[in-house]
Structures are given as C-alpha cells and as structure tokens.
Amino acid sequence: MTVVPAAPATNDRHVALSLGQRAGVWWTILRIALAERLAYRGDFMLGTLMRFLPIITQIFLWWAVFAAVEQSQSQSGATESGPPQLAGFAFHDMVAYYLLTMVARAFSSMPGLSTGIARQVRDGEIKKFLIQPVDYLGFLLISRVAHKLAYYTVALLPFALVFYLCRGYFQHGWPEPTVLAAFFISLILSFLIGFYLEACLGLIAFWFLEVSSLVFIYMLLNYFLSGHMFPLTMLPDSVRLLVDLLPFKYLAYTPSAIFLGKVAPGHVWREVAIGGVWLIGLAAASRLLYRRGLRRYSGFGG
Amino acid sequence: MAQIEVSQLTKSYRVFRKQEGLWASVRGLFHREYGEVQALRGIDLRVERGEFVAFLGPNGAGKTTTLKLLSGVIYPTSGTARVMGFIPWERQDAYRRRFALVMGQKNQLWWDLPANESYRLHQQIYGITEDDFRATLDELTDLLDVRRLLGQPVRELSLGERMKMELIAALLHRPEVLFLDEPTIGLDVVAQHNIQQFLRHYQQARQITILLTSHYMKDVAALCQRVVIIAKGAVQYDGSLSGIVDSFSGSKVISLQFPDGLEPSNLSEYGTLIKQEWPRVQLRVARQQVAQQLTRILNVYPIEDVVVEDPPLEEVIANVFHSVDEKSTAAEPTSSGSAR
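Residues numbered from 1 in each chain as written. Chains lettered and ligands numbered in written order. Predicted model: local features only at pLDDT ≥ 70, side-chain atom pairs only at ≥ 80, totals over all residues. Heavy atoms only, no water.

## Considerations on the layout of surface pockets
Residues and elements named next belong to chain A. A volume near 1,100 Å³ is recorded for the largest pocket. Lining the largest pocket are 34 residues, and of these Glu-36, Arg-37, Arg-119, Arg-144 and His-147 sit closest to its centre. Tallied by class, residues from the lining of the largest pocket come to 14 nonpolar, eight polar and 12 charged. (1 Å grid on protein atoms, 1.4 Å probe; cavity = no way out; pocket = protein on both sides within 12 Å on 5 of 7 lines; lining within 4 Å. Points joined across faces, edges and corners; volume = space filled by probe spheres on them. Nonpolar A, V, L, I, M, F, W, Y, C, P; charged D, E, K, R; others polar.)

Spelled out as structure tokens, the structure:
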C-alpha cells in the first residue's frame, strides 16, 4: 500500500476554473445526465411515445367543434363563403396550431423539475451542491438540456412522421426564413422561460417545504394561459390583455402563432424581445430566491 | 494559525410548534406558534492540522449542526468560525475545493450510474488533472479494494460498498479537511472495521485534518486521539479518550475470582456489588479507596485472581450525557425539546 503524499497546497490547484474547464464541467454533466436518463430505456421510450396519443383525440375534438359550427352556420342560412373560423383559426389552422404547440411544449414542459427541487430541499440532498464547487441552478439547467436532448432523439422520428401525415393542415407551407428564425428562437425561449418558472416554483420549497399544490395550480394556469388548450385569440379581449402581460404564452402560444403567421410581421421580433426580458427577469428571480432560500435553509434531514 | 477555529458559535432554529390533533392543524393554518430550538449554545473549538477529532454526544446534541456549519451548508445565529482561514458559509469555491463532507446517511453519487461516472464529474467539478485523477483513484480503489465495483450502478452495491464509494468520491480532490458524519452507520462489523482501517491509514499517511461524529465507540477508540463531547449544544469535554474516564468517573471496577465453594455474603461492605456469578464477582469501588479495600479483601479471603480496571467507556460517557441532561433540566425547567 503506497500512499501519494498530500498534495502541496500550491495555488494552481485552487484558482478558479478557466472557461475551457467550465465547458468541460458542463459537457460532463450533460453526458452523465444523458446516461442517467437512458438507464431506464424501456420506460423512457414508452413514455415518449405515449405523449403522441392526445393529438389524435384533440384533432377529433376540434373536428367535431368545427363541424357543429358549420352546421349551425348553414342552418341559420349564413351565406358567407369559405370554411368556418373560430377566433381567426380555420379547422386546418387549428390542427396545425395544436401540432405546433405540441412542439413548443416539448421544449417548455419540465416534468418533475419543481417537485424535484422541493424534494432535494426537503430531504437535504441539496447539501451536496452547497459543499461542492458547482452551481445548483446551472447544474439543473444542464441536466434539463440533457433530458430534452434524450427526449428529442427518441421523439424526432415520430414527430416527423406525424407532421408528414398532417402536412395537409399546413396550408401556407413553410413560413419565410426570418419568421422561421424567430420561431426557433422562441422555442429556445420557451425552454428557458419554462425552466426558470418551474425553478422559481421549486425554490419556494425553502419556505413551504411542499410545493405540489402550487405546482398543481401552476399546471392548471399553464394549461389555460399558455395556449396549450386553445389559441389565446379565443379569449375575451379583457382577459387577453391580462394574459398578454404574463409569461405563460411563451410556453406554447407564441412559438406556434409566430410559425402560423398569427403574429403580425411587424410584431414578431418585439414578441421575441419581450420574451427575452421575461427570461432575464425570471432568471434573476430564481437567483434571488435561491440566495434568500439558503439563508433560511436549516439543512434538514440529518 | 489553527486549521479550524470556532468561537462562540451558536445556532438556533425556529420551529413550528403544533399541538396534536386535527383541530390544532386547522388552527395552525391561521395562527402559528413558533419555538426556538437552540441547537448550539456557544461552541469553542480549535483543531490543528493533522488532528483526528471525534465528536461524541447523544442524538440532537449539536454534532451534525456543527459539521453543517463548518461545511457552510447553514448559517450560524452568532459566533465565528474559520476553516483554513475561510469563513465556511461564504461558500467560496477556493474553500469548497479543499474540504469534503461525507454523511453516512446521504448519497453524493448518482444512484443509477456506476460510481465511475460520478467520479468523472467530480474530476471536472474540482478541476483535477487526468494524471492526478488516475493516481488518486488507483490508490483509493486499491486501499478500499473496490476496483471491480467501479463499473456497477451504485444502486446495486451493498451499504458497505456504497460507503466506500462515497469516501472515494469525497477524497478524489485530496481535501485537506474532512468532515465525517456517522460514516459507519448501519454497517456490519467487518465493513466498519474496513472503513476504520482505511481512515486511520489514510489520515496518518496524508496528515489531513478529520472531524468525525459517530455513535460507535469502536470507531472513536480506533481512530481519534482527541474527543470532544457535545451535549445540549455545548462542549462538555475536550481531551483524550482515556481522560474522559479520569475526569468523569470517580470509581474503578474490581473483578475477583474466588476458589470453588467459597461464596462470602458480606462483599457489599467493600464496595457496590455489580455482578455476582460465582466464582466471579465484580465490585465498584471509589477511586481513592481501591488500594485500601483491595488490601482488606486480600487479607480476609484466599483470592485466585484479581483485575482492577476502569469502568467501560460507553458507561462513563452515557453517565456524562445523563448528568448534563439532568443539570440543564434542573437549570431551565422550560427547556425546549431536542434539537435537530
């Protein structure tokens, strides 16, 4: 048994990490989080594929709604030509919208993020991030990127297939390049905004310990106010005004609306910019909550 | 400068006091009563580089709270602490690269992945060069004899194996100060022994500073030259292990072996009878009277064998805890419940 003598306390061992080393940390976290994600391959694949089921019911639902609208229009003798529209959306638009929100949700939904943070606070697992020279929120973010990458890898083919089968609903084809660029940026924004919203929610556990009912309320609000359930243009004007002031719409509505040209061309970049402001605000809020929370934290659980 | 300097460190928690029952729960929604639990009531401590110090104390005495403060996981209510010159709760990276905390009941490793992967992450987080990483990992896996387990998911390892893996993870960056919170909790005797051996060897070779809390007296006896007894949030004793007996126990135990057939009934004249299993008898005798009483006995009876020893350490320490407990309840009858 040979033992290397204690490392001399030279300074080079203790200086801050260089940018290259930081990239190394991020890459390793990403790689390991991916590996962990794939530890339960079967369950993961099944879960990914099951997410496609709701589309079918949703398409049928809107099909029935539009059929009813059409029928009542013809009964009332309305003579206007063209297919019926709801809040500026025809049936094909609605299906296209729904498919696109599915893509946006694939970026913005963060299953288990806030409850995971709350659990780590409650049972003391968060200690490990306080002891090691690693940033907790940064760690969570990179792990989440890894989760998403794993998800897209599995979901890409089914997504492509569904969009191919449903290509008829996209009557305007691909949007022009700048709009497409704005669409992709808004997807990234929806990921980051979704992340920081749920991170803030989870960090509230420093005060309340249990956040599952808060998460439930958040999910409910999210479902209605993000445009996941129906396009936000269907809301009455007064409500719409309020919803426009909230960040939820970036989680589903905004990316889809940009793609479908439902955001006026002059307003596309403004929408993206406001989303960016939300992102900065939420990221700052999460930092603040984390710092304040740690002050309160008493290191529960042994 | 000492490696660890703690002065007048206190920590109190605000805890929500809830009465039993449903109605109390409902009331608790609107009106909450809080109580202060004083986990630490002014700890002073000085540890030099290369010391191996044990914290002993009953559950809730403040041992873990002290370790949490020193690792910067929580903030103190008042007082100061410096470890290697750093204030722990500022959590500077420069400090966090130089110490490690291992908790027997907590996992640092990724549950579903082989330990190898977690070690790679540590390598990156702590900025360990590839050569250092290889050398340290080789050394530690050899010492702990776990090379074949490196590629197995952590969830498949036994408790003892997992603890060894945790230790490796904590030592990869060659910390100069190591905090161990119940490192052998729940382990069988063999695994406990393995871990003790490793810790002793490693600490001696590296001359690192270790603070250890443990309920197993064997851990403490095997490892630590210095013992700090913490009870009721304060240091009750600080010194060598054998010194505990000297300062807290005023008596010795005399074991006598009588010849077959001789069973005198008046032995309690000489001391307190602890055990009586003919032909063996154990008496507790006040320290100052040992020589005197022993002479009297030897004069009267034909004794075949005599042993004079200190009472068992566990017993002495249990008495220390107990007396501290009685003193404080007497001093402050409204003393709040046990600390976390």
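## Concerning the pattern of salt bridges
Within this structure, the stated rule accounts for 22 salt bridges over all chains. Between Arg-119 of chain A and Glu-125 of chain A there is a salt bridge, with its nearest N and O atoms 3.2 Å apart. The shortest N-O distance in the salt bridge between Arg-46 of chain B and Glu-48 of chain B comes to 3.7 Å. Owing to a relative accessible area of 46%, Arg-46 of chain B belongs among the partly exposed residues under this scheme. Salt bridges linked by common partners bring Arg-240, Asp-244, Lys-249 and Glu-271 of chain A together as one network. (Salt bridge = Lys/Arg side-chain N within 4 Å of Asp/Glu carboxyl O. Buried < 20%, exposed > 50% of the residue type's maximum accessible area, 1.4 Å probe, protein only.)

## Side note on empty space enclosed by the protein
Taken as a whole, this structure holds four cavities of 30 Å³ or more when the rule is applied. Estimated volume of the largest cavity: approximately 90 Å³. Along the walls of the largest cavity sit Gly-124, Glu-125, Lys-127, Lys-128 and Ile-131 of chain A together with Leu-101, Met-103, Lys-106, Asn-107 and Gln-108 of chain B, which together make up its complete lining. Looking at the lining of the largest cavity, the elements that each hand over two or more residues are helix H6 (127-131) of chain A together with strand S5 (99-103) of chain B. Broken down by element, the residue count for the lining of the largest cavity peaks at three residues, all from H6 of chain A. (Helix = DSSP H or I, 4+ residues; strand = E, 2+ residues; numbered from the N terminus.)

## Brief notes about the confidence of the model for chain B
Residue and element names in this part refer to chain B. Chain-level pLDDT for chain B is 85 on average; 95% of the residues reach the 70-or-more range. In this model, residues 332-340 is a region of pLDDT below 50 whose contacts with residues beyond four sequence positions or in other chains number 15 contacts. At the level of chain-chain contacts, confidence expressed as ipTM amounts to 0.77, with global pTM at 0.82. (pLDDT = per-residue confidence, 0-100. Contact = heavy atoms within 4.5 Å.)

## Focus on the nonpolar core
The biggest cluster of nonpolar side chains holds 185 residues, and the ones touching the most others in it are Tyr-119, Met-165 and Phe-179 of chain B. It is helix H8 (residues 177-203) of chain A that provides the largest number of residues to this core, a total of 15 residues. In contact with Phe-179 of chain B, not counting residues within four places along its chain, are Ile-4, Leu-67, Leu-70, Ser-71, Tyr-95, Phe-99, Ala-100, Leu-101, Val-102 and Leu-211 of chain B. Counting 13 residues, the second largest nonpolar core, distinct from the first, contains Phe-258, Leu-267, Leu-283 and Val-290 of chain B. (Core = buried A, V, L, I, M, F, W, Y, C linked by side-chain atoms within 4.5 Å.)

## Focus: the domain arrangement of chain B
Domain boundaries in chain B define domain 1 (4-98 + 175-246) and domain 2 (250-309). The centre of domain 1 of chain B, based on its C-alpha atoms, is set 41 Å off from the matching centre of domain 2 of chain B. (Domains from an automatic or database assignment.)

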